[in-house]
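# Commentary on secondary and tertiary structure
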Amino acid sequence: MKSIEQIVLGAALEILAKGDSGWLCTVVKTFGASPRPLGSLLFMDAQGQVFGSLSGGCIEDELLEKLQRGALASDRPEIYEYGVSPEENERFGLPCGGRMQVLVEPMSASSDFCNMLTDLCDAIGSRRAMRRRVNLITGQWQLETMTSAEPLAIIDETLVQDFGPRYRLLLIGANELARCISEIALAMDYRVIVCDPREDRREQWTVVGAELSALMPDEAVSEFADPYTAVITLTHDPRIDDMALMQALLEPLFYVGALGSVRTSAKRRERLKQLDISDEQIDRLYAPVGLAIGSKSAMEIALAIMAQLTQLRSSSMKVVRGG
């Protein structure tokens, strides 16, 4: 499955490569609540085809109206602000008090745009971080290879937008909880890989969009490990879960979690210490996995897990380990 950035930028590349023009629209600033996060993308061609999303549809409709009136940015990028009044909040479907600024960039069928879109799509597809700088006066782009992605910013009349690797979720164990986690994670644009060495469990797996791996757990962790990957063990079988955790705690993963009660998690930590995993490495383990929201059912636990991943990704504060 492709990320939304790949879909939008790929559509832009395809349309420009045919000789047509269009507009790349980016959420560049938000105030209060907003329907889409900073950096959200939309591409609109001259015929009004829309790829991506900026809101629930009302801002898109307003941009289409501008296109039909010939009032959309033509010679240089322009920033439009929405939600400056209660009436606009209601009209554009923004949450109470929410405001956003959208950068609209006119794009022609030039070789420069096509080449840079190609490079950007290739980088995202191969999990390399890349930064684009847009001169807000001239509309010119510059691309730079990065080691990690930073939040979008406007600095001295220049948009600085980083495209990092799509986050990846490796689940150990093809069970009901893995199904619930997969469904939420796929909707949140994670790439999901479910690893289970047990053939009968793999045969029962039915979630469309989640990849299935028959590798041994430690091999799967080694294959997919990078700073944009989370590993979560779900089998309740120490022979499988501990194998994955022993490898995961040695890798530069952004999250390592394990399902289980407080008591089970304490026993797991003791086993890992006996297997020569250091206290510092064990301290990276989120176990019990997920935020402590009193979850009981599989879907509630999945929600708690994905909420913890979201909190960890979006905030620099320490995530509280919970059950």
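Residues numbered from 1 in each chain as written. Predicted model: local features only at pLDDT ≥ 70, side-chain atom pairs only at ≥ 80, totals over all residues. Heavy atoms only, no water.

To continue, consider the confidence of the model for the chain. It should be kept in mind that the predicted coordinates are not to be read in detail where pLDDT is low. Here the chain shows a mean pLDDT of 88. Residues at 70 or above account for 90%. Counted against residues more than four places away or in other chains, residues 316–323, with its pLDDT under 50, gives 26 contacts. (pLDDT = per-residue confidence, 0-100. Contact = heavy atoms within 4.5 Å.)

A word on the sheet that holds strand 13 (residues 229–233). Read from one edge to the other, the open sheet built from 6 strands follows the order 12-11-10-13-14-15, with strand pairing classed as parallel. The open sheet has two free edges, formed respectively by strand 12 (211–213) and strand 15 (285–286), since each of these has just one partner strand. Contacting strand 10 (168–172), strand 13, strand 14 (255–258) and strand 15, helix 11 (residues 298–314) crosses the sheet at an angle of about 160° to strand 14. (Pairing = 2+ DSSP bridges. Helix = DSSP H or I, 4+ residues; strand = E, 2+ residues; numbered from the N terminus. Axes fitted to C-alpha atoms, helices over the stretch in contact; angles between N-to-C directions.)

Turning our attention to the sheet that holds strand 4 (residues 78–82). Taken in spatial order, the 5 strands line up as 3-2-1-5-4 in an open sheet, and their pairing is antiparallel. With one partner strand each, in any of the chains shown, strand 3 (50–52) and strand 4 form the two edges of the open sheet. Averaged over all pairs of adjacent strands, the angle between strand axes in this sheet comes to 25°, irrespective of strand direction. Relative to strand 5 (residues 99–107), strand 1 (residues 22–31) runs antiparallel, the two sharing 9 bridges. When the bridges of strand 5 are listed, Phe31 appears paired with Arg99. On the sheet, helix 1 (residues 4–17) packs against strand 1, strand 2 (41–45), strand 3 and strand 5 and is oriented at approximately 20° with respect to strand 2.

Below, the discussion takes up the pattern of salt bridges. For side chains bearing opposite charge, pairing can occur when the charged atoms are close. Under the counting rule described, the total for this entry stands at 14 salt bridges. Of the charged contacts in the structure, one is a salt bridge between Arg179 and Glu176, with a shortest N-O distance of 2.4 Å. Residue Arg179 and its partner Glu176 are located together in helix 5 (residues 176–187), separated by 3 residues, close to a single helical turn. (Salt bridge = Lys/Arg side-chain N within 4 Å of Asp/Glu carboxyl O.)

Counting 29 residues, the largest nonpolar core has Leu169, Leu171 and Ile181 as its most contacted members. Sorting the residues of this core by element identifies strand 10, helix 5, strand 11 (191–195), strand 13 and helix 11 as the ones contributing at least two each. Residues in contact with Leu171, not counting those within four places in the same chain, are Ala178, Ile181, Ser182, Val192, Ile193, Val194, Cys195, Ile232 and Leu234. (Core = buried A, V, L, I, M, F, W, Y, C linked by side-chain atoms within 4.5 Å. Buried < 20%, exposed > 50% of the residue type's maximum accessible area, 1.4 Å probe, protein only.)

Turning our attention to helix 4 (residues 111–125). For helix 4, spanning 15 residues, the distance from its first C-alpha to its last is 21 Å, which sits close to the expected 21 Å at 1.5 Å a residue. Burial in helix 4 covers these residues: Phe113, Cys114, Met116, Leu117, Leu120, Cys121, Ala123 and Ile124. Summarising the contacts, the buried residues of helix 4 are in contact with helix 1, strand 5, strand 6 (129–135), strand 7 (141–146) and strand 9 (158–163). (Expected span 1.5 Å × (residues − 1).)

Below, the discussion takes up the pairing of strand 7. Note that strand 6 and strand 7 share 6 bridges and pair antiparallel. Counterpart to Arg133 in the pairing with strand 7 is Gln142. With antiparallel pairing between neighbouring strands as the criterion, strand 6 and strand 7 make up a hairpin whose turn holds 5 residues, including Gly139 at a positive phi of roughly 85°.

Looking now at the packing of helix 5 against helix 11. Put simply, helix 5 and helix 11 touch, their axes get as near as 8 Å, and they point 50° apart. What the angle tells us is that helix 5 and helix 11 run oblique. Relative to helix 11, helix 5 is oriented so that their crossing is right-handed. Where helix 5 approaches helix 11, its residues Glu176, Leu177, Cys180, Ile181, Glu183, Ile184 and Ala185 are matched on the opposing element by Ala298, Met299, Ile301, Ala302, Leu303, Ile305 and Met306. In terms of residue class, the contact of helix 5 with helix 11 is built from 12 nonpolar, no polar and 2 charged. (Parallel < 35°, antiparallel > 145°, perpendicular 65-115°, else oblique. Left-handed = near helix turned anticlockwise from the far one by under 90°. Nonpolar A, V, L, I, M, F, W, Y, C, P; charged D, E, K, R; others polar.)

Cis geometry is found at the peptide bond from Ala287 to Pro288, where omega equals 0°. You will see that Asp156, though not glycine, has its phi angle at about 50°, which is positive. When you line up the elements, Asp156 lands in the loop between strand 8 (153–155) and strand 9. Taking relative accessible area as the criterion, Asp156 reaches 71% and is therefore assigned exposed. In this structure, Asp276 takes a positive phi of about 70° despite not being glycine. Mapping Asp276 onto the fold places it in the loop between helix 9 (262–274) and helix 10 (279–282).

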